[in-house]
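Notes for the structure review
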Amino acid sequence: MSQQETREQVTDEQGDNKVSIVAISGSLRVASYNSAVIRAFANVAPRNISFHHFDLVADIPLFNPDRASEQIDSVVALKHLIASSDGLMLASPEYAHGISGVMKNTLDWLVSDESFPYIPVALINTSPRAHHAQETLKEVITTMSGIIVESACMPIKLLGTELDAQGVVANERLRGQLVECLTTFALQIQLLKRLRLN
């Protein structure tokens, strides 16, 4: 049994409780590294982790407080996933030293959502040059009362690799990083759950 298979087995045996994670990519590009890594996470998630990729960001309209009470299908689906998930994973490209408009717009629709505060959040960075976006995301999430799980905010360096989701999964080193990230995030989510119950 490989080290990777051992880590996945340990992950499966650790948790009696299933952990549900919803993930969002802040890019609309077909060949986006951020979207590729989210799809790769979905492919390697251990059995005790229910992983959902919210891929309707392109359908979310520009945020308008006057429409907050409307039942917009994409927004309703987003809020339902947030409400039914134990943790949130975000991956955003960097534009002009900030997060993408797509990511910011998606988060804007969640600012007043009652399910968002205190949700554990992991931030994924696929480019070593995107540190401004990471810091901006941390500021936004903290302002929205999300809980940044620093130990699960891992850099998955894909810039320049030209890898898609399948290529990421096939790469043993990258696959190991993905499973380690998910394992760490799931364990921290379970810890935060127990702390809230005590």
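Here the structure is a predicted model, which is why all the values come from computation and not from measurement.

Things to note about the packing of helix H2 (residues 33-44) against helix H7 (residues 172-197)
Where H2 meets H7, the axes come as close as 10 Å, and the angle between the chain directions of the two elements is 75 degrees. Classed by the angle they form, the pair H2 and H7 counts as roughly perpendicular. Together, Val37, Ala40, Phe41 and Val44 of H2 and Arg175, Leu178, Val179, Cys181 and Leu182 of H7 make up the contact between the two elements. Of the residues in the contact of H2 with H7, the class split is eight nonpolar, no polar and one charged.

Examining the nonpolar core
If you look at the biggest cluster of nonpolar residues, it comprises 31 residues, and the most contacted ones within it are Ile21, Val37, Phe41 and Met89. Looking at this core, the elements that each hand over two or more residues are strand S1 (19-25), H2, strand S2 (49-54), strand S3 (87-91), strand S6 (120-124), helix H6 (165-170) and H7. Ranked by residues supplied to this core, first place goes to H7 with eight residues. Ignoring any residue separated from it by four or fewer positions in sequence, one finds Phe41 in contact with Phe51, Met89, Ile124, Leu178, Cys181 and Leu182. Counting residues in each nonpolar core, the second largest holds 28 residues, with Val75, Leu81, Ala133 and Ile141 among its members.

Digging into the packing of aromatic side chains
Per the counting criterion, the structure on display carries two aromatic pairs. Measuring from centroid to centroid gives 6.1 Å for Phe41 and Phe51, while their planes differ by 25 degrees, and the two rings are stacked. Of the two residues, Phe41 is situated in helix H2 and Phe51 in strand S2; the sequence distance between them amounts to ten residues. With respect to class, Phe41 is no different from Phe51; both count as buried.

A look at the packing of helix H4 (residues 101-108) against helix H5 (residues 131-143)
In the contact formed by H4 and H5, the axes pass within 12 Å of each other and the chain directions differ by 5 degrees. Accordingly, the angle class assigned to the pair H4 and H5 is roughly parallel. Contacts between H4 and H5 involve Met103, Lys104 and Leu107 from the first element and Leu137, Val140 and Ile141 from the second.

Structural notes on H5
Here H5 spans 18 Å end to end across 13 residues, near enough to the 18 Å set by a 1.5 Å rise per residue. Where H5 is buried, its residues touch S3, strand S4 (94-95), strand S5 (98-99), H4, S6 and strand S7 (147-148). Count one or two residues on from H5 and you reach Ser145, which has phi positive near 70 degrees.

Observations regarding the environment of Ala77
Among the structural elements, Ala77 can be located in helix H3 (residues 73-84). Judged by relative accessible area, Ala77 falls into the partly exposed class, the value being 26%. Apart from residues lying up to four places away in sequence, Ala77 is in contact with Phe54 and Leu56.

A short note on the sheet that holds S3
Strand order in the open sheet made by the five strands is S2-S1-S3-S6-S7, with parallel pairing throughout. The open sheet is flanked by S2 and S7, the only strands paired with a single partner. As defined by bridge partners, S1 adjoins S3 across five bridges and the pair is classed as parallel. Within S3, the residue paired with Val22 across the bridge is Leu88.

Re the side chain of Ser35
By the secondary structure assignment, Ser35 is in helix H2. The class for Ser35 is buried, based on a relative accessible area of 6%. Excluding residues within four positions of it along the chain, Ser35 makes contact with Ser25 and Ser27.

Overview of the confidence of the model for the protein
Scored by pLDDT, the protein has a mean of 89; 92% of the residues are at 70 or more. This stretch, residues 1-15, has a pLDDT under 50; its non-local contacts, to residues over four places away or in other chains, come to 21 contacts.

Rules behind the numbers
Residues numbered from 1 in each chain as written. Predicted model: local features only at pLDDT ≥ 70, side-chain atom pairs only at ≥ 80, totals over all residues. Heavy atoms only, no water. Axes fitted to C-alpha atoms, helices over the stretch in contact; angles between N-to-C directions. Helix = DSSP H or I, 4+ residues; strand = E, 2+ residues; numbered from the N terminus. Parallel < 35°, antiparallel > 145°, perpendicular 65-115°, else oblique. Contact = heavy atoms within 4.5 Å. Nonpolar A, V, L, I, M, F, W, Y, C, P; charged D, E, K, R; others polar. Core = buried A, V, L, I, M, F, W, Y, C linked by side-chain atoms within 4.5 Å. Buried < 20%, exposed > 50% of the residue type's maximum accessible area, 1.4 Å probe, protein only. Phe/Tyr/Trp six-rings, centres within 6.5 Å; stacked < 30°, edge-to-face > 60°. Expected span 1.5 Å × (residues − 1). Pairing = 2+ DSSP bridges. pLDDT = per-residue confidence, 0-100.

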